[in-house]
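# Chains, contacts and geometry: an overview
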Amino acid sequence: MNPLQEYLSLVEIEDFEARYAKDITDENYFGYPLASILDAEKRLISKTDKSIAYFSMEYGLAPSIYHSFHTIEPLRSQNKFTQHGVFSNMRAMDNYFALRIDKRLDLPIYSGGLGVLAGDTLKSAADLGLSFVGIGILWNSGYFKQNFWFQDGQRPQEMYWDPKTYPGLIPLKNRIIIPLKNETIHVRLWKYYAYSYDQKSVVPLVLLDTNLPGNSEFARKLTGQLYRSDDEVWKLYQRLILGMGGIRALAELGYSSDVYHLNEGHAALAFVERARGFSEAQINDLKEHFAYTCHTPVSAGHDRFTKKTVSSILNPEDFRLLEKFGTDFDNHGLVNLTLFALNTCVKVNAVAAKHGQVMRHQFPSYAPRIQSITNGVHTYTWLSRSFSNLFKKYESEIGPWENDPSSLKNVEKLKNNHDFRRDLWLAHQENKHHLCFLLRTWQMKEDVLTVSWARRIAAYKRPSLILQDVHRLVDIARRHGGLQIILAGKAHPKDNLAETQINEILSAIDSLDKDRELIRVMMLENYDTFFGKLLTSSVDIWLNNPLPPFEASGTSGMKAILNGVLQMTTVDGWVVEASERPLGWFFGYRHEGGQIGNEWDLRLKEDSSNLYEVLEQAAQLYCRTNQKGALDVQSPWIDKMIECIVQSAYFNTQRMVEEYRGKIWQPLLSINKS
Ligand SMILES: *Cc1c(COP(=O)(O)O)cnc(C)c1O
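This structure is a prediction, so every number in the text was calculated from the model and none was measured.

### Overview of the overall build of the protein chain
Broken down by element type, the protein chain carries 24 helices and 27 strands. Scaling as 2.2 N^0.38, a compact globule of 674 residues should have a C-alpha radius of gyration of about 26 Å, and the protein chain matches this with 25 Å. Each of the three principal axes of the protein chain carries a C-alpha extent, and together these read 70 × 60 × 50 Å. Here the protein chain holds 674 residues, and the buried ones make up 63% of them. The contacts of the protein chain with a sequence gap of at least 6 include a subset with a gap of at least 24, amounting to 75%. Per element, the accessible surface of the protein chain, about 24500 Å² overall, is 48% carbon and sulfur.

Put into structure tokens, the structure is as follows:
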């Protein structure tokens, strides 16, 4: 059998001849080696090699910036995202111009950090050659499309894209059903592949889709919008598709997974599916196959349902299992998927050391079992071209960072190397030059201190902190050579407080109209992984100001340190583990002790005032370092840049996945072998 025939015998593609025959050949899968996929598929169906099945509601694979699959036909316009609106304190520009970048739409099946982490995890699992499969959902209308309207804030719109022509994404002939109390849902499977950095291995991602003619109108829309939450019925259906559908998909594909890794309670119904018909003893054994990672201490991140809703949708036996392991006696007897996961997964972890402490306070009776494994980012995805060139130039000192990101600690050795310090600054300026060029309509300047805050908009992340006192901000800009601020982020359409924060930001920006010569502030529409990389690699300071202790980890700062971008941050999440290191400026409220506190008491006044103090220090140092283009090579600013890169030797998903392997997956695989 030739390779293509072999592939098509393992993976049955719908409409292969009509649609995909040009892009999938004996050698190539959309421009990448088919041989790597064949290896992975064969390992996943072998009975000897047990694999890990990784469940996540969302995946941010970022193909616009990492391994963009090629197609013979040009990319369809529905799968491009070329125009981003801007809301700035140069309103006249915003009305006439949008930011134009010719790029593909990043596979729109994620909303934020959880998705990006899941995507980076698949890539690092591929880099490490693990037998691994991701399970997720094909969101037919993505998350949503964001528009800003003057004095009206964010207007969410439905997003349209075309899965059938999205490069690298293929529909399978396989179908599964999910049997519920009063209906049966039909699900189609799709596949996508995450390649390792060197393209030698891959991890498949299986995506579930209910948009099929055999389903009711309601069921067809279930895999429409990610995190649609009109009511708890929608939420429950989306979760049972992921959990129950995911297990059935693995069986349908013949994958011999032996460890089920659940991200958030979202995927908890996987256990229900596997336990159906089991005795108590069998259920206890089954727990040894499940691992659960909790990603947030914030209340909205924990799914709860009334028993009435659960029993009206699930079969009685499934309902009883959820009730048995998931009843939240402290919370009106609701079914709580977090508790369900804690009770059914032997391995449980938080996503940073600090989050581990917080989670142990939140769930004291589970405390002894709660481990922590600090998040990371996929180095190869988030490292900018100019920095990759820099590391290549100094390869003899740094070593092979591509397959071993821990080598970046060797950048420390270059601390006193005058040429390296200069080259490091130039690499940064190259990125900043590129950013200013993209934003040239708004006259962004490459020798003015530039700060960015960009992430999912949620109250505890305090997106408008830096705009609390615009007079103070203008004053800092006046005294220290000007200031540029770039903001971006989407608020969940049902999150009223977050939408209010967007309004606050837009009116603060508007009020700075007359100060535009001193300070430039802009908010970009439709923050995505492309902008995530652009901003984290090209501004001077990455601002991160969540209210402690509510940021479980945070990862955008890790992308920034990798690219030598200094941190201005509250001490929360991953930052706690690096807070003794000179990465930039730490400020604001610090959380200590056993009480979690109130996530709605945002401490805006005290913490913004603290922020302005450190911003002023940073602006002074920036002016001394970069005097209108003339560089002080000895500046402590450059010491801090070096320290940032050194820390990225640790805060990456390769180290993280190796830790999961050692602390979670291998122990489960060996329990189950004996
Ligand atoms: C990295 C990233 C995130 C996560 O950022 P946090 O700082 O962890 O909130 C969210 N969205 C996008 C598009 C990203 O690239």
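### Looking at the sheet that holds strand E22 (residues 519-524)
Taken in spatial order, the seven strands line up as E5-E22-E21-E20-E23-E24-E25 in an open sheet, and their pairing is mixed. Strands at the two margins of the open sheet, each flanked by one partner only, are strand E5 (86-88) and strand E25 (584-586). The mean angle between the axes of side-by-side strands here comes to 20°, regardless of whether they run parallel or antiparallel. By the bridge criterion, three bridges tie strand E24 (residues 566-569) to E25 in an arrangement that is parallel. When the bridges of E25 are listed, Thr569 appears paired with Phe586. Packed onto the sheet, helix H23 (residues 636-648) meets strand E23 (541-544), E24 and E25 and runs at close to 90° relative to E24.

### Description of the site of the ligand
Neighbouring the ligand are 14 residues; Arg455, Lys461, Thr555, Ser556 and Lys559 lie closest to it. Here an oxygen atom of the ligand and a side-chain polar atom of Arg455 are 3.2 Å apart. In this structure, Lys461 approaches the ligand through a side-chain N or O atom, which is 2.7 Å from an oxygen atom. When the ligand sits alone it has 390 Å² of accessible area, and the protein chains cover 96% of it. When contributions to the shell around the ligand are tallied by element, the ones reaching two or more residues are helix H5 (113-127), helix H20 (529-538) and helix H21 (556-562). If you count residues domain by domain, the shell around the ligand takes at least three from each of domain 1 (44-68 + 104-375 + 656-673) and domain 2 (379-590 + 603-651).

### What to know about the pattern of salt bridges
One pass over the full model with this rule turns up 38 salt bridges. A salt bridge links Asp318 to Arg276, with the nearest nitrogen and oxygen atoms 2.9 Å apart. Of the two residues, Asp318 sits in helix H11 (residues 316-326) while Arg276 sits in the loop between helix H8 (269-275) and helix H9 (280-286), which places them 42 residues apart along the sequence. Taken together, the shared-partner salt bridges connect Glu14, Arg175, Arg188 and Asp209 into one network.

### Focus on the domain arrangement of the protein chain
Per the domain assignment, the segments of the protein chain are domain 1 (44-68 + 104-375 + 656-673) and domain 2 (379-590 + 603-651). A straight line from the C-alpha centre of domain 1 to that of domain 2 covers 31 Å. If you look at the interface, domain 1 gives 42 residues, while domain 2 gives 41 residues. Taken together, the two surfaces of domain 1 and domain 2 that pack against each other cover about 3300 Å², and 60% of this comes from carbon and sulfur. Broken down residue by residue, the surface that domain 1 buries against domain 2 is led by Ile65, Phe148 and Tyr197, which jointly contribute 20%.

### Some thoughts on the environment of Gly265
Examined against the element boundaries, Gly265 turns out to sit in the loop between strand E13 (257-263) and H8. Counting along the chain gives 27 residues from Gly265 to Tyr292, while the straight-line C-alpha distance between them is 7.9 Å. In contact with Gly265, other than residues within four places in its own chain, are Tyr292, Asp303 and Leu337.

### As for the environment of Phe530
Tracing the backbone through its elements, the reader meets Phe530 in helix H20. Among the residues examined, Phe530 registers a relative accessible area of 15% and is labelled buried. If we skip the residues at most four places from it in the chain, Phe530 touches Ser64, Ile65, Ile101, Lys103 and Asp106.

### Here we look at unusual backbone geometry
Omega for the bond connecting Pro548 with Pro549 falls within 30 degrees of zero, at 0°, which places this linkage in the cis form. Residue placement: Pro549 occurs in the loop between E23 and H21. We note that Ala62 has phi near 55°; this positive angle belongs to a residue other than glycine. Among the secondary structure elements, Ala62 is positioned in the loop between strand E3 (51-55) and strand E4 (83-84). For Glu264, which is not a glycine, the phi torsion comes out positive at approximately 65°. By the secondary structure assignment, Glu264 is in the loop between E13 and H8.

### Notes on the pairing of strand E20 (residues 450-454)
Of all five residues making up E20, five are buried, and the element is well covered by its neighbours. Of the two faces of E20, the one carrying Thr450, Ser452 and Ala454 and the one carrying Val451 and Trp453 are both buried. Pairing geometry for E20 and strand E21 (residues 483-488), over five bridges, is parallel. Bridge pairing in E21 places Thr450 opposite Gln484. Note on the crossover from E20 through helix H18 (residues 470-479) to E21: the handedness is right-handed.

### So, the environment of Leu240
Tracing the backbone through its elements, the reader meets Leu240 in helix H7 (residues 232-253). Beyond its immediate stretch of four places on either side in the chain, Leu240 contacts Ile178, Leu180, Gly245, Leu269, Ile313 and Leu314.

### Some words on the packing of aromatic side chains
Summed over the entire model, instances satisfying the criterion amount to 32 aromatic pairs. Considering the side-chain rings of Tyr197 and Tyr380, the 5.5 Å spacing of their centres and the 45° angle between planes classify their relative orientation as tilted. Taken together, the residues Tyr197 in the loop between strand E11 (184-195) and strand E12 (202-209) and Tyr380 in helix H14 (residues 379-382) connect sequence positions 183 residues apart. For Tyr380, a relative accessible area of 29% corresponds to the partly exposed category. Taken together, the ring pairs in this structure connect Tyr7, Tyr29, Phe30, Tyr32, Phe69, Tyr192, Tyr193 and Tyr195 into an aromatic cluster.

### Some thoughts on the side chain of Thr344
Locating Thr344 in the fold gives a position in helix H12 (residues 337-344). Among the polar contacts made by the side chain of Thr344, one reaches the main-chain carbonyl oxygen of Phe340 at a distance of 2.8 Å. Discounting residues that sit within four places of it in the chain, Thr344 has contacts with Phe271, Lys287, Phe290 and Phe325.

### Here we look at the side chain of Asp258
Relative to the assigned elements, Asp258 resides in strand E13. Of the buried charged residues, Asp258 lacks a salt bridge, with Lys50 as the closest side chain of opposite charge at 4.9 Å. Contact partners of Asp258, with chain neighbours within four places excluded, come to Lys50, Ser51, His289, Leu669 and Asn672.

### Looking at the nonpolar core
Core analysis: the largest hydrophobic core is formed by 128 residues, its most contacted members being Tyr7, Ile24, Tyr29, Phe55, Ile170 and Leu240. Element by element, the count of residues in this core is highest for H7, at 11 residues. Apart from the residues lying within four places of it in its own chain, the contact partners of Phe55 are Ile135, Leu242, Gly243, Gly246, Ile247, Leu250, Tyr260, His261, Leu262, Asn263, Ala267 and Ala270. Among the nonpolar cores identified, the runner-up in size contains 103 residues, and Ile398, Leu435, Trp442 and Val470 belong to it.

Thresholds applied
Residues numbered from 1 in each chain as written. Predicted model: local features only at pLDDT ≥ 70, side-chain atom pairs only at ≥ 80, totals over all residues. Heavy atoms only, no water. Helix = DSSP H or I, 4+ residues; strand = E, 2+ residues; numbered from the N terminus. Rg over C-alpha atoms; globule rule 2.2 N^0.38 Å. Buried < 20%, exposed > 50% of the residue type's maximum accessible area, 1.4 Å probe, protein only. Contact = heavy atoms within 4.5 Å. Areas by Shrake-Rupley, 256 points an atom, 1.4 Å probe, with all protein chains shown as cover. Pairing = 2+ DSSP bridges. Axes fitted to C-alpha atoms, helices over the stretch in contact; angles between N-to-C directions. Near = heavy atom within 4 Å. Polar contact = N/O pair within 3.5 Å; in protein donor to acceptor, adjacent residues only side chain to side chain. Domains from an automatic or database assignment. Salt bridge = Lys/Arg side-chain N within 4 Å of Asp/Glu carboxyl O. Buried area = accessible area lost by both parts, 1.4 Å probe. Right-handed = clockwise from strand over helix to strand, strands pointing away. Phe/Tyr/Trp six-rings, centres within 6.5 Å; stacked < 30°, edge-to-face > 60°. Lys, Arg positive; Asp, Glu negative; His and termini not counted. Core = buried A, V, L, I, M, F, W, Y, C linked by side-chain atoms within 4.5 Å.

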